[in-house]
Amino acid sequence: MLILPDNPLFDLTLQTARPPGWQNHASEEIAFVVDHATGLMRPATRAEMIDYVEGGEYDERLEAMGEDEWQ
């Protein structure tokens, strides 16, 4: 099934679908983060996850979603 941007399931699919190639990283200790520029999930190592949170990209994502980091 092809889900296009005008489909009501499009945003939900982007938020829940694993990124392409996730199996390549399945044996590693990784997390999935949402890329601020594309809105798609991508795998991240522990160091990349820390950089994602402490570097401000996570805060940018929260702002884009309309949430405050203190909630």
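Check the entry above for the structure.
## Let's talk about the pattern of salt bridges
Following the criterion strictly, the structure yields two salt bridges and no others. When the shortest N-O distance is used, the salt bridge between Arg42 and Asp35 registers 3.3 Å. A relative accessible area of 18% places Asp35 in the buried class. The partner of Glu57 in a salt bridge is Arg42, and the shortest N-O contact between them spans 3.1 Å. Of this pair, Glu57 sits in helix 3 (residues 57-65) while Arg42 sits in strand 2 (residues 41-45); the two residues are 15 residues apart in sequence, bridging distant segments of the chain. Taken together, the shared-partner salt bridges in this structure form one network comprising Asp35, Arg42 and Glu57.

## Describing the nonpolar core
Judged by nonpolar contacts, Val33, Val34, Met41, Ala44 and Tyr52 together constitute the single largest core of five residues. When contributions to this core are tallied by element, the ones reaching two or more residues are strand 1 (30-34) and strand 2. Sequence-distant contacts of Ala44, that is, excluding residues within four places in its chain, are made with Ile30, Ala31, Val33 and Met49.

## Description of the packing of aromatic side chains
Enumeration over the complete set of coordinates arrives at one aromatic pair. For the pair Tyr52 and Tyr58, a centre-to-centre distance of 6.2 Å together with 55° between the ring planes defines the contact as tilted. You can call Tyr58 partly exposed: its relative accessible area is 36%.

## Brief notes about the environment of Ala47
In this fold, Ala47 is placed in helix 2 (residues 46-54). By relative accessible area, which is 57% here, Ala47 ends up exposed. Taking the C-alpha atoms as reference, Ala47 lies 9.4 Å from Ile30; in sequence the two are 17 residues apart.

Conventions and cut-offs
Residues numbered from 1 in each chain as written. Predicted model: local features only at pLDDT ≥ 70, side-chain atom pairs only at ≥ 80, totals over all residues. Heavy atoms only, no water. Salt bridge = Lys/Arg side-chain N within 4 Å of Asp/Glu carboxyl O. Buried < 20%, exposed > 50% of the residue type's maximum accessible area, 1.4 Å probe, protein only. Helix = DSSP H or I, 4+ residues; strand = E, 2+ residues; numbered from the N terminus. Core = buried A, V, L, I, M, F, W, Y, C linked by side-chain atoms within 4.5 Å. Contact = heavy atoms within 4.5 Å. Phe/Tyr/Trp six-rings, centres within 6.5 Å; stacked < 30°, edge-to-face > 60°.

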